[in-house]
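Results of the structural survey
In case you want the letters, here they are:
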Amino acid sequence: FYLTTSNMRLNNPLLLTILLSTTTNVHPFTLTMGTGNTFGRTFRISTWGESHGGGVGVTLDGCPPRLPLTRDEIQVDLDRRRPGQSRITTPRNEADSVEILSGITPDDRTTGTPIAMLVRNKDQRSSDYLDNDMKVAYRPSHADATYDAKYGVRAVAGGGRSSARETIGRVAAGAVARKILSLYNGIEVLAYVSKVQDIGSNVNDDTFTMADVDANIVRCPDEAAAELMLARIDEIRKTGNSIGGVVTCVARNVPAGWGSPVFDKLEADLAKACMSIPAAKGFESGDGFEGTLLSGKDHNDEFYIDPVTGATRTRTNRSGGIQGGISNGENIVIHVAFKPTSTIGQAQGTVTRDG
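To start, this report covers the structure provided alongside it. Just so you know, the residues in each chain are numbered from 1, in the order the chain's sequence is written. Where local features are concerned, this predicted model is filtered to residues with pLDDT of at least 70; where side-chain atom pairs are given and counted, the filter is 80 or more; whole-chain, interface and lining totals use all residues. Remark: hydrogens and water are excluded; side-chain values derive from all non-hydrogen atoms of the structure.

1. A look at the overall build of the protein chain
For clarity, the cut-off: Numbering goes from the N terminus for both helices and strands, where a helix is a DSSP run of H or I of at least four residues and a strand is a run of E of at least two. Throughout this description, buried means an accessible area under 20% of the type-specific maximum (1.4 Å probe, protein chains only), exposed means over 50%, and partly exposed covers the range between. Throughout, a residue-residue contact means that at least one pair of heavy atoms, one from each residue, lies within 4.5 Å. Accessible areas in this description were obtained via Shrake-Rupley with a 1.4 Å probe; residue shielding takes into account the shown protein chains only.
Scanning the protein chain from N- to C-terminus turns up nine helices and 15 strands. Put simply, the protein chain has 355 residues, and 35% of those count as buried. Taking all contacts inside the protein chain whose residues are at least 6 apart in sequence as the whole, residues at least 24 apart take part in 65%. Within the structure as shown, the protein chain displays about 20,000 Å² of accessible surface, and the carbon and sulfur contribution to it stands at 55%.

2. Notes on the environment of Ile334
With respect to the element layout, Ile334 can be found in strand 15 (residues 332-338). As a C-alpha pair, Ile334 and Ala191 span 143 residues in sequence and 9.4 Å in three-dimensional space. Aside from chain neighbours lying at most four places away, what touches Ile334 is Val247, Thr248, Cys249, Leu270, Cys274, Phe283, Glu284 and Ser285.

3. Some remarks on the side chain of Arg161
So the rule is basically this: Identification of polar contacts relies on pairs of N or O atoms within 3.5 Å, with a donor-acceptor requirement for protein atoms, meaning one able to donate a hydrogen and the other able to accept it, and with residues adjacent in sequence counted only if both atoms are side-chain atoms.
Tracing the chain through its elements places Arg161 in the loop between helix 4 (144-151) and helix 5 (167-185). Of the polar contacts made by the side chain of Arg161, one reaches the backbone oxygen of Gly49; its length is 3.1 Å. Non-local contacts of Arg161, meaning those with residues more than four positions away in its chain, are made with Asn37, Thr47, Trp48, Gly49, Glu50, Tyr147 and Glu166.

4. Section: the sheet that holds strand 10 (residues 280-285)
Condition: Here, a strand pair is defined by DSSP locating no fewer than two bridges between the strands. Orientation is described by lines fitted to C-alpha atoms, with helices fitted over the stretch in contact, and by angles between N-to-C directions that extend from 0 to 180 degrees.
Strand order across the open sheet formed by four strands is 8-9-15-10, with antiparallel pairing between neighbours. In this open sheet, the two strands that pair with only one neighbour each are strand 8 (188-196) and strand 10. Neighbour-to-neighbour, the strand axes of this sheet turn through a mean angle of 20 degrees, independent of strand direction. Direction of pairing for strand 8 relative to strand 9 (residues 245-252): antiparallel, over a ladder of eight bridges.

5. Comments concerning the nonpolar core
For clarity, the cut-off: Only buried residues count toward a nonpolar core, which is a set of Ala, Val, Leu, Ile, Met, Phe, Trp, Tyr and Cys residues joined through side-chain atoms within 4.5 Å.
With 19 residues, the main nonpolar core has Ile74, Met117 and Val176 as its most contacted residues. Among the secondary structure elements, those contributing two or more residues to this core are strand 5 (55-61), helix 2 (71-81), strand 7 (115-120) and helix 5. Broken down by element, the residue count for this core peaks at five residues, all from helix 5. Apart from the residues within four sequence positions on either side, Val176 is in contact with Phe43, Leu60, Cys63, Leu67, Leu69, Ile74 and Met117.

6. Side note on the state of the cysteines
Note the cut-off: For the purposes of this analysis, a disulfide is any pair of cysteine sulfur atoms at a distance within 2.5 Å.
Under the criterion given, the structure shown has zero disulfides. The thiol of Cys249 is unpaired, and the distance to the nearest cysteine sulfur, on Cys274, comes to 6.6 Å. Overall, the relative accessible area of 22% leaves Cys249 in the partly exposed class.

7. Notes on the packing of aromatic side chains
Each aromatic ring pair is characterised by the separation of its centres together with the angle its planes make. The condition that has to hold: Only Phe, Tyr and Trp rings take part, Trp by its six-membered ring, and two of them pair if their centres are within 6.5 Å. Stacked means planes under 30 degrees apart, edge-to-face means over 60, and tilted covers everything else. Remark: a charge is flagged as sitting over a ring if the NZ atom of Lys or the CZ atom of Arg is within 6 Å of the ring centre and within 35 degrees of the ring normal.
Applying the stated rule across the entire model yields three aromatic pairs. Seen in terms of ring centroids, Tyr147 and Tyr151 are 5.9 Å apart; in terms of plane orientation they differ by 65 degrees. Their pairing is edge-to-face. Of this pair, Tyr147 and Tyr151 both sit in helix 4, four residues apart, which is roughly one turn of the helix. Here Tyr147 falls in the partly exposed class, since its relative accessible area comes to 28%. Above the ring of Phe208, the side-chain terminus of Arg252 is found at 4.9 Å from the ring centroid.

8. Brief notes about the environment of Asp148
In this fold, Asp148 is placed in helix 4. Judged by relative accessible area, which is 8%, Asp148 ranks as buried. Each C-alpha atom, one on Asp148 and one on Arg353, is 8.2 Å from the other, the two residues being 205 residues apart in sequence. Among all residues touching Asp148, those that are not within four sequence positions of it are Tyr138, Val153, Arg154 and Arg353.

9. Observations regarding the side chain of Lys179
Its place among the elements puts Lys179 in helix 5. Owing to a relative accessible area of 18%, Lys179 belongs among the buried residues under this scheme. When neighbours within four sequence positions are excluded, Lys179 is seen to be in contact with Leu67, Pro68, Leu69 and Glu73.

10. Some points on the sheet that holds strand 5
One open sheet accounts for five strands, arranged 3-4-5-7-6; its pairing is antiparallel. Sheet topology places strand 3 (38-39) and strand 6 (98-102) at the edges, where each strand pairs with a single neighbour. Pairing geometry for strand 3 and strand 4 (residues 44-49), over two bridges, is antiparallel. Across the sheet, residue Phe39 finds its bridge partner in strand 4, namely Ile45.

Have a look at this one:
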């Protein structure tokens, strides 16, 4: 029994359920469907839309009721993500104005029901992909070939679901999560570019602010390092090439006790979320791979009792605020490595589906 979204002709939901639950005992079957668009359980997001479609968005389920929430609060984060803000981002010019379709009352209170948010695409230029050999050729290190191998069809213009525009839904839902976390325990989540190619930075993860991050177009709070990063990016960009880097994310005021043992460890969930971002190729928690260069004595975070709060604290934070998969009350610090942008302005070798 072979079942795909294109040849499914069963209109009876009960019959379909019975067939799916019993078929594996009779004949092996292949199920090819567009799954994998949902993340989370209690607070659950499902992103949808394509780069060159009518728009992109998210359906957020699990937001508590009566939460004060305005469109402008969500738009702030979308404005920070918006393309075309500087010479080192994609030139695509989008306003990325969010429309809230459900889940919020006219006086800006959440209802506890799913929140649907839509951002319409305005500057998609499909002819850039369809009026040349890109409509048949696989772009090196893009998702063209793998999507074709899995589904037998792909969105040629803009890469469809593999495009970074998919992250608009994450940002919109993240703005809601940011509000909830702030109200819950004063939790603050910030991120910055900590490395570009081999140029690192020196940032105090306890004190930097969002204003420090947004002070330059590289979004690195270390101004001296940011200048070196920008110069390197410009140097490579002028040759029609690209380079990668590392983003560091810090969550402050996270209470001890979040996360669960084994498969639901806090850093395991964070890793899945971060590694699903387009172009993400590496994840580290705390000292990560650099920690392997230390001895146990040097890497261990020694405990002490905070004389003011009486809380159990650590004198260092090489664990990145997580031990045994559970938060320990220190800042949670993670690092995500992003590969060089695959879209470049140099000739490359490739093939088509036919060879």
